[in-house]
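# Breakdown of the fold
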Amino acid sequence: MMKVRELQDDPASGGRKAGLNTRLAHSGFDPAEYHGFVNPPVVHASTVLYPDVATMKAHSQKYRYALWGTPTTDALEAALTELEGAAGTILLPSGLAAVTVPLLAFLSAGDHCLIVDSVYGPTRRFADKVLRRMGVDVTYFDPHEANDIARLMRPETKVVFLEAPGSNTFEMIDVARVAKIARDGGAVSMLDNTWATPLFFRPIEHGVDLSIHALTKYPGGHSDVMLGSVSANSSTYARLRENQMIIGVNAAPDDTYLVLRGLRTMGVRLARHGDTAMRLAQWLESQPSVAEVLHPALPSFKGHELWKSQFDGASGLFSFVLRADEAAGSRFIEALKIFGLGYSWGGFESLILMVDLSDRIYAKKPEAGIVIRLQIGLEDYEDLQNDLRMGFAAAGL
Ligand SMILES: *Cc1c(COP(=O)(O)O)cnc(C)c1O
């Protein structure tokens, strides 16, 4: 059997790199390493034995202690490293831990950190509560002014933290341009890439140092596991890995296995999520009770051109502005039968929630109404459309 990595170098394949779905199916684990089984073993472990004192002293064997990695974590890390085009990947027990550990690894007292204002809410909470307490100065910048952040850079700016598109409101930024400003100023750039997954965007190819994922979302795909990852380029990987081990966090074996299992089917799932979401976004645009649809793949969206020039696709999470107050919005949400009211996204089931923009400095609550976020699951388009239609009717919209 031809291994996928060999497929890339095989002259018979014309030097052609295997496609993304082929890599999703095969990356990270070589069946020949474990008796031919196509999935890696789920290694439950703490202790690893050494054959002699000299080996222990030099740590000169592949595994030293389960915190440092097992064949199970190796398999998922290798798959993500390959998909992200990274030098290495670390795993963390949640997406939020995949945000906080790299910030702790690259910031010290007296440093300055620039963070895009459209960042995931709990990332902001960590910056406000923990980074500031550590003596790090934090500045949020308007995603629509991202090209001008050079004027916000200081000699002590050590991290520029990005998210594209922005959480809940999907603001886009010119990632390569902002990453270059960070690098020229001596700062490490990090991008929360959860919305796009490595199938639709690979930040390291655009000059970003660290690409962060809530694997809880599309890679897991079934709303039954929480995990995070940080993929790093060659100039940041060693420091990231060292700090992960100093802090003492890694991923549990069963969770790691579930995410690797989810990754194998992520391409077909995402195609369906993205397709249904795009059709619903277009339909919502034509609804009288909808003032605006916030979806990067819609030509009417402010950040559309930036999305189109950098991303290879759109996933199934978007928002819209409903011409309603909170009371009517609540009636709409509570009338739905398929869309569930709950946090997170990327699973098989559709979800809805009312977006809270109160922590944002630059994004104002739209005058036209309230912002509603939809996670489009794998249900049939007609059923989801009907659910929303009945919700509008029940709320008198
Ligand atoms: C959900 C999410 C996270 C956090 O992931 P958890 O696994 O839920 O901790 C981080 N960033 C973004 C953009 C997210 O949507």
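Throughout what follows, the structure given in this document is the object of discussion. (Residues numbered from 1 in each chain as written. Predicted model: local features only at pLDDT ≥ 70, side-chain atom pairs only at ≥ 80, totals over all residues. Heavy atoms only, no water.)

To continue, consider the nonpolar core. Residues Leu103, Leu284, Phe320, Phe332 and Leu374 are the most contacted members of the largest nonpolar core, which totals 112 residues. With eight residues, helix α11 (residues 266–285) is the largest single contributor of residues to this core. Three or more residues apiece are contributed to this core by two domains, here domain 1 (4–8 + 20–263) and domain 2 (266–394). Among all residues touching leucine 284, those that are not within four sequence positions of it are Val290, Val293, Phe318, Phe320, Leu374, Leu388 and Phe392. (Core = buried A, V, L, I, M, F, W, Y, C linked by side-chain atoms within 4.5 Å. Buried < 20%, exposed > 50% of the residue type's maximum accessible area, 1.4 Å probe, protein only. Helix = DSSP H or I, 4+ residues; strand = E, 2+ residues; numbered from the N terminus. Domains from an automatic or database assignment. Contact = heavy atoms within 4.5 Å.)

Below, the discussion takes up the packing of aromatic side chains. On inspection of all chains with the given rule, the structure shows eight aromatic pairs. Relative to phenylalanine 332, the ring of phenylalanine 320 has its centre 6.4 Å away and its plane inclined at 80°; by these criteria the two rings are edge-to-face. Of this pair, phenylalanine 320 sits in strand β9 (residues 317–322) while phenylalanine 332 sits in helix α13 (residues 326–335), and the two are twelve residues apart along the sequence. Look at phenylalanine 320 and you get buried, because its relative accessible area is 0%. Among the residues examined, phenylalanine 332 registers a relative accessible area of 0% and is labelled buried. Of the aromatic side chains, those joined through ring pairs into one cluster are Phe170, Trp195, Phe201 and Phe311. The lysine or arginine in question, arginine 64, covers the ring of tryptophan 68, its NZ or CZ lying 3.8 Å from the ring centre. (Phe/Tyr/Trp six-rings, centres within 6.5 Å; stacked < 30°, edge-to-face > 60°. Lys NZ or Arg CZ within 6 Å of the ring centre and 35° of its normal.)

A few words on the pairing of strand β7 (residues 228–232). Along a regular strand, successive side chains alternate from one face of the sheet to the other. Most of β7 sits inside the fold, with five of its five residues counted as buried. Neither face of β7 is open: one carries Gly228, Val230 and Ala232, the other Ser229 and Ser231, and all of them are buried. Sheet topology note: the strand β1 (residues 88–92)/β7 ladder contains five bridges and is antiparallel. Its bridge partner lying in β7, glycine 88 is registered against alanine 232. Direction of pairing for strand β6 (residues 210–214) relative to β7: antiparallel, over a ladder of five bridges. Bridge pairing in β7 places leucine 210 opposite alanine 232. (Pairing = 2+ DSSP bridges.)

On to the sheet that holds strand β4 (residues 157–163), then. Here seven strands make up an open sheet; going across it, the order is β1-β7-β6-β5-β4-β2-β3 and the pairing mixed. Strands with a single pairing partner mark the edges of an open sheet, and in this sheet they are β1 and β3 (137–141). When the angles between neighbouring strand axes are averaged without regard to direction, this sheet yields 20°. Relative to β3, strand β2 (residues 112–116) is paired through five bridges, and the arrangement is parallel. Residue pairing across strands places cysteine 113 opposite valine 138, the latter belonging to β3. With respect to the sheet, helix α9 (residues 237–247) is in contact with β1, β6 and β7, its orientation differing from that of β1 by roughly 25°. (Axes fitted to C-alpha atoms, helices over the stretch in contact; angles between N-to-C directions.)

By nearness alone, 13 residues border the ligand, and Gly95, Leu96, Asp192, Thr216 and Lys217 come closest of all. Glycine 95 places a polar main-chain atom, nitrogen or oxygen, 2.7 Å from an oxygen atom of the ligand. Alone, the ligand offers 370 Å² of accessible surface; in the complex the protein occludes 91% of this. Tallied by class, residues from the shell around the ligand come to five nonpolar, five polar and three charged. (Near = heavy atom within 4 Å. Polar contact = N/O pair within 3.5 Å; in protein donor to acceptor, adjacent residues only side chain to side chain. Areas by Shrake-Rupley, 256 points an atom, 1.4 Å probe, with all protein chains shown as cover. Nonpolar A, V, L, I, M, F, W, Y, C, P; charged D, E, K, R; others polar.)

Moving on, we come to unusual backbone geometry. At the junction of alanine 164 and proline 165, the peptide bond is cis and its omega measures out at -10° in the coordinates. In this fold, proline 165 is placed in the loop between β4 and α7 (175–184). The residue histidine 35 is not glycine, and still its phi comes out positive at about 60°. Residue histidine 35 is classed as exposed on the basis of its relative accessible area, which comes to 70%. A positive phi is found at serine 223, a non-glycine position, where the angle reads about 55°.

Further remarks concern the sheet that holds strand β8 (residues 290–294). If you walk across this open sheet you meet the five strands as β8-β9-β12-β11-β10, and the pairing is mixed. Here the strands that pair on one side only, and so sit at the sheet edges, are β8 and β10 (340–341). Here β8 runs beside β9; their pairing, made up of four bridges, is antiparallel. The residue bridging leucine 294 from the neighbouring strand is serine 319, located in β9.

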